[in-house]
Each structure stands twice: as C-alpha cells, then as structure tokens.
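# Architecture and fold: a report
What follows is each chain in one-letter form.
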Amino acid sequence: MDGNLLTVENLSARYAARAGEVSAVDGVSFALARGEVLGLAGESGCGKTTLALSLLKLLPENGRITGGRILLEGTDLVPLSEDAIRPFRWRRLSVIFQGAMNSLHPVYRIADQIREALEACDPNMSRQQADDRISELFRLVGLDPALAGRYPHEYSGGMRQRAVIALALACRPDLVIADEPTTALDVIVQDSILREMQTLQRRFGMSMIYISHDIAVLAEISRRIAVMYAGRLAELGAAVDVFDNPLHPYTAALLASVPSLHGPRTRLVNLPGEPPDLLNPPSGCRFHPRCPRARDVCAEREPAWEDFGGGHFAACWNPAGRDA
Ligand SMILES: Nc1ncnc2c1ncn2[C@@H]1O[C@H](COP(=O)(O)OP(=O)(O)OP(=O)(O)O)[C@@H](O)[C@H]1O
Ligand SMILES: [Mg+2]
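So, a few notes on the structure that sits alongside this text. (Residues numbered from 1 in each chain as written. Chains lettered and ligands numbered in written order. Predicted model: local features only at pLDDT ≥ 70, side-chain atom pairs only at ≥ 80, totals over all residues.)

### Describing the sheet that holds strand β12 (residues 313–314)
The strand order β6-β7-β8-β3-β9-β10-β12-β11 describes an open sheet built from eight strands, whose pairing is mixed. Either end of the sheet is taken by a strand with one partner, and the two such strands are β6 (93–96) and β11 (306–307). Pairing analysis gives two bridges linking β11 to β12, with the strands arranged antiparallel. Bridged to D307 within β12 is F313. (Pairing = 2+ DSSP bridges. Helix = DSSP H or I, 4+ residues; strand = E, 2+ residues; numbered from the N terminus.)

This is the structure we're talking about:
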C-alpha cells in the first residue's frame, strides 16, 4: 500500500441519455493523503459532481462507473455491491451535496435527521449519547444547539448549510467531499462557512475534496488543486505551482477569469467556442477546439497524463512555458 487514504485510478463514468451516452468522467487518476485537502475546479458541466458521486457510488439510476478503481486504503470500492459499500458511506466517506441546503427533509426536525445518521453509524448509541453528539456537532458548525429541534424551513439558507455540514461530519468520516458547499450563499456567509470548514478539517485531520468552479476559493483552502475539463483532468499540482505556472492552457484561461480583488466577477469570456458536448466529445485533447495553443496532434491523439516534476501533472501536447 502507498500510504494514501484514497487512490483513484483511471476512473470513468457515463450516463445513458435519450440521445446517447454522456462521457462525464473519463480516465481520472489522482491520490489523496490522509488529512489532505484537494481542490477540484472546472467550469459547469465538466463532471465534478459526477466524479464526487462516483467516489461514493451514488450515481443516479442512468449513471454507471464504466472503468477504473477507487481504492480506499487498498480496498477497491468499484466492484462492491450496494450492501457492501454501505459501511463505507458516511462513516469513511461522506459528501456535502451541491445545493445541499435544500436537500434536508422538510418534514423532519434537524435533530432527528442527524440522529438517524448517528444511529445508522452506531446502532448501539443511546438517546442521550446521540443528543450530546448533536449538540456537539451544532456547536462545531456554529449553530446554537437550542435550535436543533426546529424544522429546516425555520432556518436561514446559511443555517441549513451548516446543518448539512453537521450531518456530513456526524460519523467522523475520514474523507469529506464538499461539492460547492457554499455557492448558493451570500459572500459573507460563504466566507465564514469556508473558514469554519477549514478549522474543522484541521482539527479532525479529515481529508477533503473541495469542489468549486471558483479557483480563487480553492486556493484559500487547498494545498493541491486539480483542474477538470470535459470529464478529464487537465492539470493537478501544488496550488502555488498551478497558480504561478499553469501548464495547461485551460488552467491559464480559468485563472485569467479570476476576478481582481475589487473588480466584478467575470466569466470565462476569454475562451472562444462552446463548452464541449459530452455526448460527442472532441477527438484527441477535448480542449483542442478552444485552445489557443492547439497543434495538429491535439485533434488526433489524447495527450498523456504526464508528471512535469514535483508532482505537477498535466495532459497537454503543448504546455505553456515549454515552447517547442
Ligand atoms: N443524471 C444525468 N443524466 C445525464 N447526463 C447527466 C446527468 N447528470 C449530469 N449529466 C451530464 O454530465 C456532465 C457532467 O455533469 P456534472 O453535473 O458532473 O458537472 P459539474 O462539473 O458538477 O457541473 P456544475 O458546476 O454545473 O455543478 C454534463 O454534461 C451533464 O449534462
Ligand atoms: Mg456539480
């Protein structure tokens, strides 16, 4: 074993859609150490959520993993049955779903929803132990334990999001996948939740995959950053290397769209062309139709996932700073 908590090897996932097969994750590989935070960036539709759901084997009915391995301390989760994977979910791996603040069950009190998770993890937990743990979790995420008996509609959006984080942490997982956990919230609440998650992550030494389309948010929280484009990893490396020395032209374009401190938020306007259609992905490098550095080979063959030194990986035939 290599000492990593999670090793993902060549993972692919597809959805069956009316018009054909959507290749939403294609040959993704990365590893995550214990206690490490990996940021995952990429524009809407590039497969971030599909990757997260694949790791927990929670893809919707029409989705399936079509290849690769997900090794959690050496155990491959891919071949496991639904019954066999259940002990891993929430206890070992947990997820804060995208738009989760709207995913709490509306007719159950928040405390009861957390209690259900706690009882599922530890059927021997007494009512008192569960109540104590709920209070502890509430305090951890910055909520007043006195509000635990309320219903989701009695909470603000920020409070609901905190409750969902409490739920994800309930069973003390080794790895939390946070899928755009703060995107729907206003900037001030976003910032404070981000800071609290950082504190919790450090305090419990959890590993975390933090997903955001906003690479600037990722830079605050993650030591390493992975950039995804059209279902594939384009680049991965230490945040400082990815920021200061992006190898993949797509990463450079993402960084160019990061707003300045006082400027307005911009979109990826500097990229020509349309985001790719994953029903019929482009040949070769999926980014080639929009790439300012594309050469003939880029349309013909898929670039290898190459280590450019110091754990800085990219899949590109013509990376920046390496002009032929
Ligand atoms: N249930 C589904 N059935 C068919 N196609 C799907 C399904 N869910 C997602 N897709 C497609 O898979 C691709 C990846 O979607 P995914 O939701 O993983 O992207 P994302 O990076 O999380 O986007 P966002 O930033 O908007 O959350 C997209 O082309 C999307 O349209
Ligand atoms: Mg998503």
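There is more to say after this.
### A look at the environment of N62
Structurally, N62 can be placed in the loop between α1 (48–55) and β4 (63–72). Taking the C-beta count within 10 Å as the criterion, N62 has 12 such neighbours and is therefore assigned exposed. It is 8.3 Å that separates the C-alpha atoms of N62 and R14, two residues lying 48 residues apart in sequence. Not counting the four nearest positions on each side in its chain, N62 is found in contact with Y15 and A16. (Buried ≥ 20, exposed ≤ 12 C-beta atoms within 10 Å, placed from the backbone. Contact = placed C-beta atoms within 7 Å.)

### Examining the site of ligand 1
Taken together, 18 residues lie near ligand 1, and Y15, S44, K48, T49 and T50 sit nearest. Breaking the shell around ligand 1 down by element, the ones donating at least two residues are β1 (4–17), β2 (20–33) and α1. Ranked by the residues each element gives to the shell around ligand 1, the list is headed by α1, at three residues. Its residues assigned to classes, the shell around ligand 1 shows seven nonpolar, 10 polar and one charged. (Near = placed C-beta within 6 Å. Nonpolar A, V, L, I, M, F, W, Y, C, P; charged D, E, K, R; others polar.)

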